[in-house]
Amino acid sequence: MRWGRFAGYAMLWAYAAVALAPIVVMLLNSLRPNTEVLSEPLRLPATLDFSSYATAWSEASFSSYVRNSLVVTISAVALDVAVSLPAAYVLGRYRLRAGGMLTAYFLAGLMLPVRLGILPVFYLLGTLNLVDSRLGLVLVYASSGVPFSVFIMAAFFRGLPRELQDAARIDGAGELRIFSRVMVPLVKPAIATVVVFRFVPLWNDFFFPLVLMRTTGRYTLPVGLTQFFGEFQTNWSALFAGLVIAALPLIVLFVVATKQIVEGLTAGMGR
Amino acid sequence: MRWRIAVWFVLPAFLLYTLFTVYPLLSALANSFWRWQGTARGEFAGADNFTSLFTTFPLNQQLWPALWHTMAFFAGTMLVQNTVGLLIAVLLVELPVARRLLRTVYTVPYLIGGLVVGYLWSLLLSPVFGPVNASLRAVGLDSLARAWLGDPATALPVVILVNAWQYLGFPILLFGAALAGLAPEYTEAAKVDGANARQRFLRVTLPLLLPAIGVVSILTFIGSMNTFELVYSLEGAQGNQPTGPGGATDVLGLIFYRVAFQEGGSNAIGQSSALAVLLFAATFAVAVVANWLIRRREITLT
């Protein structure tokens, strides 16, 4: 039995090494001069050399890619939550005529592969004069998040005790006040889950900006990264640094919000 | 709550979702039945766009291989998830030391996204300067070092392994949540009846995990049908970057992109919409049938 446990732990740590090794190599090689990375791919850095980060940040305009990604992702998540929260509140807490149909209409979106509609999205944004615009990207992203956000937050609203809004109503509070002062503060955990969980796929999304964005100054990180890999082919140290810059915010987010990410990923599983 | 107030609560979400998600997908469906000249709609085409996917060059030569590659993608990823992933999830439940740290470590590749993962591995696997070949040479396995992504024989298996490496954290989390939700009474009853650890796992735990395995399978299938970023960053949009394996790694998601934006010709809208409809119908049908099978299985269990 003791040997069994030992073998079990050995396997767990062995796979942890497999999962982490490529990321460690990425990090270490981004901190070494390029000539050294090319001649000795597997070495610890002798001294920490941050010049590749400077190259990626200013020469390859990662500063602008990061800014665009932050602006687009944060705005999209904020808009998604702002519209989904009141909808989830009504659908989760009230029995309405057509309420069931509306809920089904929103939840159907969990099954819809948004990117298959890319051409109509492109022409729709064209008519709205929003191609090659960060606002256009924000609208598409926020829209694609509505089904998941409504799903998670409506389930959470449904679980709150009924007495709460009755008590507030007796105290003379109007609907808007009950919603904003009583209900929203109670669903903060669900909001956190939605925010964290929507942030990741939007930050990583490559398909929509690849098609919709034309101007380098408006590129988000994934498209910027593609341009960068074309231009800096031989500067491996800088390429590794660029990858670290793209991945770092997500790793930080995960360390800060492990709980929300695990909850979002396993929503509906177990009990 | 009065109906008039409720409308204002729901309306913004309804409009945003309808305009930028539902409407484009419905127009893609409608567009697939018309012939197109650039952005001008021509006459009604019936099923012509659908049949032309299988008859016009170069699509007729790319679509079937891409379908097989996509299925191989699904099968290969499933194989890794349901062996390595399940083993790790079970071990994690049994062995408490550093459980949370390990779970975090396993999930990191999943979070950093397909494009970054693809570019990272394209550097690691590079024939001349890549750390993978360098480590093979360092331990005397020079004969194994090769152009992993450029050789048609290894390209697809390697891309599938990279995909499995990226996604493994997700089934580990899902299986973990499902295992935590199982009532311990079942395995304890089996223990009292004299079942050993292997029997308890195969006869009790595994059947109870089938719904979770089913969910993971469905999500993996949907993911495989949509695979794009990883193949794009590893092999380029044409499957020939930098010295690529020809079409050996073409998957359906990549073909859709090429038809819509690169190779579609004047009827790109019609053809790519038809392909989108087929992809969605296939994904949806498989997901619904699989879901039904899981539900049925669940009822017979309890």
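Up top you'll find the structure we're talking about.
Below is a summary of the structure that appears in this document.

What counts, and at which threshold
Residues numbered from 1 in each chain as written. Chains lettered and ligands numbered in written order. Predicted model: local features only at pLDDT ≥ 70, side-chain atom pairs only at ≥ 80, totals over all residues. Helix = DSSP H or I, 4+ residues; strand = E, 2+ residues; numbered from the N terminus. Buried ≥ 20, exposed ≤ 12 C-beta atoms within 10 Å, placed from the backbone. Contact = placed C-beta atoms within 7 Å. Pairing = 2+ DSSP bridges. Nonpolar A, V, L, I, M, F, W, Y, C, P; charged D, E, K, R; others polar. Core = buried A, V, L, I, M, F, W, Y, C linked by C-beta atoms within 7 Å. Axes fitted to C-alpha atoms, helices over the stretch in contact; angles between N-to-C directions. Parallel < 35°, antiparallel > 145°, perpendicular 65-115°, else oblique. Left-handed = near helix turned anticlockwise from the far one by under 90°.

## What about the overall build of chain B?
Looking only at helices and strands, chain B has 13 helices and two strands in total. Its C-alpha atoms put chain B at 75 × 70 × 35 Å along the principal axes. Every one of the 302 residues in chain B was classed for burial, and the buried ones make up 43%. Taking as baseline every contact in chain B between residues at least 6 positions apart, the subset at least 24 positions apart corresponds to 70%.

## Describing the pairing of strand S2 (residues 40–44) of chain B
When you tally the buried positions in S2 of chain B, you get zero out of five residues, a small fraction of the element. Between strand S1 (residues 34–37) of chain B and S2 of chain B, which pair antiparallel one after the other, the connecting turn spans two residues, and glycine 38 of chain B there sits at a positive phi close to 65 degrees.

## A short note on the interface of chain B and chain A
Counting from both sides, the interface comprises 65 residues of chain B and, opposite them, 71 residues of chain A. For the side of chain B that touches chain A, the element with the most residues is helix H1 (residues 3–31) of chain B, which contributes 14 residues. For the side of chain B that touches chain A, a count of residues per class yields 50 nonpolar, 13 polar and two charged.

## Concerning the environment of alanine 98 of chain B
All names here are of chain B. Within the secondary structure, alanine 98 is located in the loop between helix H3 (59–94) and helix H4 (99–111). By C-beta crowding, alanine 98 is classed as partly exposed, having 15 other C-beta atoms within 10 Å. Separated by 64 residues in sequence, alanine 98 and tryptophan 34 place their C-alpha atoms 59 Å apart.

## Digging into helix H5 (residues 114–124) of chain B
With eleven of eleven residues buried, H5 of chain B is to be regarded as a mostly interior element. Considered for burial, the residues of H5 of chain B that qualify are Gly114, Leu115, Val116, Val117, Gly118, Tyr119, Leu120, Trp121, Ser122, Leu123 and Leu124 of chain B.

## Some remarks on the nonpolar core
Counting residues in hydrophobic clusters, the biggest one holds 161 residues, and the most contacted among them are Val150, Met153 and Leu243 of chain A. The element contributing the most residues to this core is helix H7 (residues 134–158) of chain A, with 15 residues. Those residues within four positions of valine 150 of chain A in sequence are excluded, and the remaining contacts are Ser84, Ala87, Ala88, Leu91 and Phe106 of chain A together with Ala13 of chain B.

## Focus on the packing of helix H4 (residues 62–93) of chain A against helix H10 (residues 188–204) of chain A
Residue and element names in this part refer to chain A. Where H4 contacts H10, the axes come no closer than 10 Å and their chain directions differ by 140 degrees. For the element pair H4 / H10, the angle class is oblique. The way H4 lies across H10 gives a crossing that is right-handed. Across the interface between the two elements, Ser69, Thr73, Ala76, Val77, Asp80 and Val81 of H4 pack against Ile191, Val194, Val195, Arg198, Phe199, Leu202 and Trp203 of H10.

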